[in-house]
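# Per-entry structural report
These are the residues of each chain, in order.
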Number of protein chains: 2
Amino acid sequence: MTVPATAAGGEDFDQLGRDAVYRAMFTRRDVRSHFVSDDLDDRVLARLLTAAHHAPSVGYMQPWNFIVIRDAERRRQVRDLFLAAREQELPAMEEERRALYRKLKLEGICESALNLCITCDRQRSQNSPLGRWHNPEMDLYSTVCAVQNFWLAARAEGVGVGWVSIIETQALKRLLSIPEHVTPIAYLCVGRVSEFAPKPDLEAHGWGRRLPLPELVMSEIFCGAGEAPLKSAIVRLGAEDRRKP
Amino acid sequence: MTVPATAAGGEDFDQLGRDAVYRAMFTRRDVRSHFVSDDLDDRVLARLLTAAHHAPSVGYMQPWNFIVIRDAERRRQVRDLFLAAREQELPAMEEERRALYRKLKLEGICESALNLCITCDRQRSQNSPLGRWHNPEMDLYSTVCAVQNFWLAARAEGVGVGWVSIIETQALKRLLSIPEHVTPIAYLCVGRVSEFAPKPDLEAHGWGRRLPLPELVMSEIFCGAGEAPLKSAIVRLGAEDRRKP
């Protein structure tokens, strides 16, 4: 785990290195079901947090904090918040999908090695908020980049991560004594896993399917037609992957 | 670039693979200054977009679209929006930092190979918005995860990316014909670069410094003391890196 002193124009990644980066992205999963009871080594967690801390941030604000939650009773309380929130969300689903929604496992709060709440301190650079005058939400987005770094590094370390978004934010803030000016961005379940599922859970259970990427690409303006060569390249890429074992 | 059919419990990454993932994170830069005039091969762009499309998304919503902007005149218009926004933001800076702010290069809109606007369609899963009843902003966060995947994949491919956040959103939406229910999340400058700077620009120019990570780690609750072994592990990790060439 080296932070290189200098970095060249991209030749520092060979094919194996590039493949590893893509593999982390393609095999990353939102893990709820495959946590094992092993502890997570602090040296591994230190690496994952260092990865998160190297996310981009607007105006170099680094607005994040990392609350490590291990206490079993506190986690039970968080899980109670999840269970209550799930009941509240259920009526928002189409009626024919509610039975499936109830069957989905959507968190691993108590069975993961630990929980991690990644927060955004909205006042950290209040004197010189570069890049936030027009888009004050940029600090929230920076914190999400930290979450994604953490998640991808975890995948490469064989550590599973699940993001619990079905939770009432104000109740979570009270439970974790999070002050008014700090926003919890992600509540994560983190731990060693027995496997990373071949497909996203929601795809495996028929909740949704991966959208065709070429249909999401637009040219010059929203819904602009064009970029035919790029779309063909995307299609060929998918075809190549299907030919591989 | 293989999407594996099955994925084991993390043993699929050896030390070299893990190092590559961390290297992409540690050497990723918000690029404004080092774009070269080469075109970007559509096959490379196809891989980067495929990486973005494999980001996590709340309820498997995949709310993103990718608008590829190549036209020089349109880019000049976007740059005009940036220049106007920078003038508006300037007074928000502390007075003694305004001269430095003016000197910072904060975009590479016209000199990069292409621009990419990544948007979030807030209505894409309106019938069954799993995970968004309590936190409707989760679709915005999913789209940010796609941005970060794109950015890290680009780093591994030797492609520079710069996120332009100093821009007035409504004006950008008009220019790109983005409808009301769609939010532009990131306006990116994308292209081959001559180098990736050893440090973030804002650190090199003395705008800010990297915060000490142990001070950002909390235990159980916000500002909760504890996690001494984890904090020690973080410090040791930094010391190891400094000993390496």
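Residues numbered from 1 in each chain as written. Chains lettered and ligands numbered in written order. Predicted model: local features only at pLDDT ≥ 70, side-chain atom pairs only at ≥ 80, totals over all residues. Heavy atoms only, no water.

## Some remarks on the pairing of strand S1 (residues 64-69) of chain B
Residue and element names in this part refer to chain B. The buried fraction of S1 amounts to six of the six residues, a majority that puts the element mostly inside the structure. Of the strand pairs in this sheet, S1 and strand S2 (residues 114-121) are connected by six bridges, and their pairing is antiparallel. Among the inter-strand pairings, Ile67 is bridged to a residue of S2, identified as Cys117. (Buried < 20%, exposed > 50% of the residue type's maximum accessible area, 1.4 Å probe, protein only. Helix = DSSP H or I, 4+ residues; strand = E, 2+ residues; numbered from the N terminus. Pairing = 2+ DSSP bridges.)

## Comments concerning the side chain of Glu220 of chain A
Position of Glu220 of chain A relative to the elements: it lies in the loop between strand S5 (217-219) and helix H8 (228-243). Within the local environment of Glu220 of chain A, its side chain forms a polar contact with the backbone nitrogen of Arg70 of chain B, the two atoms lying 2.7 Å apart. Within polar-contact distance, the side chain of Glu220 of chain A engages the side chain of Arg74 of chain B at 2.7 Å. Residues within four places of Glu220 of chain A in sequence aside, it is in contact with Ile67, Val68, Ile69, Arg70, Asp71, Arg74 and Leu176 of chain B. (Polar contact = N/O pair within 3.5 Å; in protein donor to acceptor, adjacent residues only side chain to side chain. Contact = heavy atoms within 4.5 Å.)

## Here's the deal with the sheet that holds strand S3 (residues 159-163) of chain B
Sheet strands associate in pairs through backbone hydrogen bonding, adopting either a parallel or an antiparallel arrangement. Reading across the sheet, the five strands line up as S5(A)-S1(B)-S2(B)-S4(B)-S3(B) and stay open at both edges, with mixed pairing between neighbours. Edge positions in the sheet fall to S5 of chain A together with S3 of chain B, since each has one partner strand and no second. Mean inter-strand twist for the sheet, computed between neighbouring axes without regard to direction, equals 30 degrees. (Axes fitted to C-alpha atoms, helices over the stretch in contact; angles between N-to-C directions.)

## Quick look at the domain arrangement of chain A
Here chain A is described as being made up of domain 1 (28-210) and domain 2 (211-245). Once you take the C-alpha centre of each, domain 1 of chain A and domain 2 of chain A turn out to be 30 Å apart. (Domains from an automatic or database assignment.)

## Digging into the environment of Phe82 of chain A
Residue and element names in this part refer to chain A. Tracing the sequence through the fold places Phe82 in helix H3 (residues 72-89). Residues Phe82 and Asp42, 40 residues apart in the sequence, show an inter-C-alpha distance of 27 Å. Not counting chain neighbours up to four residues away, the residues in contact with Phe82 comprise Leu106, Glu107, Ile109, Val164, Ile166 and Ile167.

## Examining the packing of helix H1 (residues 15-27) of chain A against helix H5 (residues 138-156) of chain B
A pair of packed helices is captured by two measures, namely the crossing angle of their axes and the spacing between those axes. One can describe the packing of H1 of chain A onto H5 of chain B by two numbers: an axis separation of 9 Å at closest approach and a directional angle of 165 degrees. Comparing their axes, H5 of chain B and H1 of chain A come out roughly antiparallel. As H1 of chain A runs across H5 of chain B, the sense of the crossing is left-handed. Contacts between H1 of chain A and H5 of chain B involve Arg18, Val21, Tyr22 and Met25 of chain A from the former and Asn149, Leu152, Ala153 and Ala156 of chain B from the latter. Here the contact of H1 of chain A with H5 of chain B is composed, by residue class, of six nonpolar, one polar and one charged. (Parallel < 35°, antiparallel > 145°, perpendicular 65-115°, else oblique. Left-handed = near helix turned anticlockwise from the far one by under 90°. Nonpolar A, V, L, I, M, F, W, Y, C, P; charged D, E, K, R; others polar.)

## Side note on the interface of chain B and chain A
At the interface, 129 residues of chain B touch 129 residues of chain A. Buried surface at the junction of chain B and chain A, both sides included, amounts to about 11,800 Å², of which 62% is carbon and sulfur. On inspection of chain B and its partner chain A, the count reaches eight salt bridges. Here chain B is connected to chain A by 56 residue pairs in polar contact (both at pLDDT 80 or more). A per-element tally of the side of chain B that touches chain A places H5 of chain B first, with 12 residues. Classifying every residue of the side of chain B that touches chain A gives 73 nonpolar, 28 polar and 28 charged. (Buried area = accessible area lost by both parts, 1.4 Å probe. Salt bridge = Lys/Arg side-chain N within 4 Å of Asp/Glu carboxyl O.)

## Considering the sheet that holds strand S4 (residues 182-192) of chain A
Pairing is mixed across the open sheet formed by five strands, whose spatial order is S3(A)-S4(A)-S2(A)-S1(A)-S5(B). Strands at the two margins of the open sheet, each flanked by one partner only, are strand S3 (159-163) of chain A together with strand S5 (217-219) of chain B. Ignoring strand direction, the axes of neighbouring strands in this sheet form an average angle of 30 degrees. When S3 of chain A meets S4 of chain A, the two strands line up antiparallel, connected through five bridges. By the bridge assignment for S4 of chain A, Trp163 of chain A is matched with Leu188 of chain A. Of the strands in this sheet, strand S1 (64-69), strand S2 (114-121), S3 and S4 of chain A together with S5 of chain B are in contact with helix H2 (residues 42-53) of chain A, which crosses S1 of chain A at around 155 degrees. Sitting on the sheet, helix H5 (residues 138-156) of chain A touches S1, S2, S3 and S4 of chain A, and the angle it makes with S4 of chain A is about 5 degrees.

## Thoughts on the pattern of salt bridges
All chains considered together, the criterion is met by 34 salt bridges over all chains. Two residues, Arg70 of chain A and Glu227 of chain B, come together in a salt bridge whose shortest N-O distance is 2.8 Å. With Arg70 of chain A in the loop between S1 and H3 and Glu227 of chain B in the loop between S5 and helix H8 (228-243), this residue pair bridges two chains. The residue Arg70 of chain B makes a salt bridge to Asp42 of chain B at a minimum N-O spacing of 3.1 Å. With Arg70 of chain B in the loop between S1 and helix H3 (72-89) and Asp42 of chain B in helix H2 (residues 42-53), this residue pair connects regions lying 28 residues apart in the sequence. Through salt bridges that share partners, Arg79, Lys105, Glu107 and Glu111 of chain A make up one connected network.

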